[in-house]
Amino acid sequence: MLRFLIRRIIAMIGLLIATSIVTFALFNFGPADPAADSCGKACSPERIVEARVALGMNKPLVTQYLEYMRGIVMGRHMGAPSARYWCSWPCFGTSFRLSNTPVWSLMKTAIPYTVSLAIGAAIIWLIVGVLLGIAAGLHRGKLIDRIAVGFSSIGVSMPVPVLGMLLMLVFCVTKVIQFPSSRTNAPWGPGGPLGFLDNFILPWTTLAILFMASYVRITRTSILETMGEDYIRTARAKGLRPRLVTFKHGLRAAITPIVTMFGMDLGAVLGGAVLTETIFGLPGLGQLSVNAVNNEDLPIIMSVVLFAAFFIIVANIVVDIVYALIDPRVRLQ
């Protein structure tokens, strides 16, 4: 098991380095000029040259990349030669548009909203989606199966903007149940647990329905395939209790694709649920990245991309570890 973990961690580090190189290259070879963006629209050529020196863009590209990565891990000096200052780690640079505000300060403010959204929605879509899928798979052709399949079809085909606006129309405009129309308060702010639920129940529901539909379909299909295997029939022939056959033998084998999906989905959502945060006005990483794209704020865009890639890669490592715990054969690969 230790050797398996070491191989996966080494692979994760290599993938993170490769992702950072590709991301850095894309933003530096793109059509935008970071020096001109940091200087502003009404900027003279002389000021652009000064901005290029202050950003370290006059150095070779490899040197720029190494300094950028060193800043993330250890911190680095930034600014013009006459006004150097120390940017402590993790240093992702400063915003071009927000008065040279450190990018990490903006991300620290946004991360709690995205984490709250991702974890709450993940709990809902995992529990409800898997339970509905199991019920549909064990009662094929019956009413619960038809309801689950119909629900998954609607959930998959319903775009997030439409679903989110529909929920806001029902609960915020018509006020069938009173929910706040603004969610700019911090998740740990006034109101306690009830205030927290008021702020996040609609975003959680919107995001959960989108993912939940896929979990219902995958779980149902996996249960149907697994419960038809020879070893399941053998367990039943031995006289084992149906519940033991279903949950100990059947569900353990059927849960493998669910683990894969959950790890990838949670990693992607932690990187920033752009549409959901934009619709409900949550100032998380998704909303931060949308504003950065609109303002051509390259340091923020690049930082969010790297942050999202980190979570997705880590999610893959966690999935591999869970695989090894569920199926010992994976450890030999």
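One can find the structure itself at the top, above this paragraph.
Let us look at the structure shown here.

The rules behind the values
Residues numbered from 1 in each chain as written. Predicted model: local features only at pLDDT ≥ 70, side-chain atom pairs only at ≥ 80, totals over all residues. Heavy atoms only, no water. Helix = DSSP H or I, 4+ residues; strand = E, 2+ residues; numbered from the N terminus. Buried < 20%, exposed > 50% of the residue type's maximum accessible area, 1.4 Å probe, protein only. Contact = heavy atoms within 4.5 Å. Areas by Shrake-Rupley, 256 points an atom, 1.4 Å probe, with all protein chains shown as cover. Polar contact = N/O pair within 3.5 Å; in protein donor to acceptor, adjacent residues only side chain to side chain. 1 Å grid on protein atoms, 1.4 Å probe; cavity = no way out; pocket = protein on both sides within 12 Å on 5 of 7 lines; lining within 4 Å. Points joined across faces, edges and corners; volume = space filled by probe spheres on them. Nonpolar A, V, L, I, M, F, W, Y, C, P; charged D, E, K, R; others polar. Axes fitted to C-alpha atoms, helices over the stretch in contact; angles between N-to-C directions. Parallel < 35°, antiparallel > 145°, perpendicular 65-115°, else oblique.

Notes on the overall build of the protein
Along the backbone of the protein there are 14 helices and 2 strands. Within the protein, buried positions represent 41% of all 333 residues. Of all intrachain contacts in the protein linking residues separated by at least 6 positions in sequence, the fraction that spans at least 24 positions is 65%. Just so you have it, the protein exposes about 17,900 Å², and 68% of that area is on carbon and sulfur atoms.

What to know about the environment of Q287
Take Q287: it is sitting in helix α13 (residues 285–295). Leave out the neighbours within four places in its chain, and Q287 touches E277, T278 and L282.

Describing the environment of T206
As for its position among the elements, T206 is in helix α8 (residues 192–226). For T206, a relative accessible area of 0% corresponds to the buried category. For the pair T206 and L163, spaced 43 residues apart in sequence, the C-alpha to C-alpha distance is 6.4 Å. Setting aside residues no more than four positions away along its own chain, T206 makes contact with V160, L163, G164, L167 and F280. Polar contacts involving the side chain of T206 include one to the main-chain carbonyl oxygen of L202, which spans 2.9 Å.

Section: unusual backbone geometry
Note: most peptide bonds trans; most residues except glycine with negative phi. Here W89 and P90 are connected by a cis peptide whose omega angle stands at -10°. Within the secondary structure layout, P90 lies in the loop between β2 (85–87) and α5 (103–138).

A word on the layout of surface pockets
Of the pockets and cavities examined, the largest pocket occupies roughly 550 Å³. Contributions of two or more residues to the lining of the largest pocket are made by α1 (2–28), α3 (45–54), α4 (61–73), β1 (76–78) and α14 (298–326). For the lining of the largest pocket, the leading source of residues is α4, giving 4 residues. Along the lines of polarity and charge, the residues of the lining of the largest pocket split into 15 nonpolar, 8 polar and 5 charged.

A few points about the packing of α5 against α13
In the contact formed by α5 and α13, the axes pass within 7 Å of each other and the chain directions differ by 135°. With respect to their mutual orientation, α5 and α13 come out oblique. Judged by residue contacts, L106, M107, A110, I111 and T114 of α5 engage L285, G286 and L288 from α13. A breakdown of the residues in the contact of α5 with α13 according to their chemical character gives 6 nonpolar, 2 polar and no charged.

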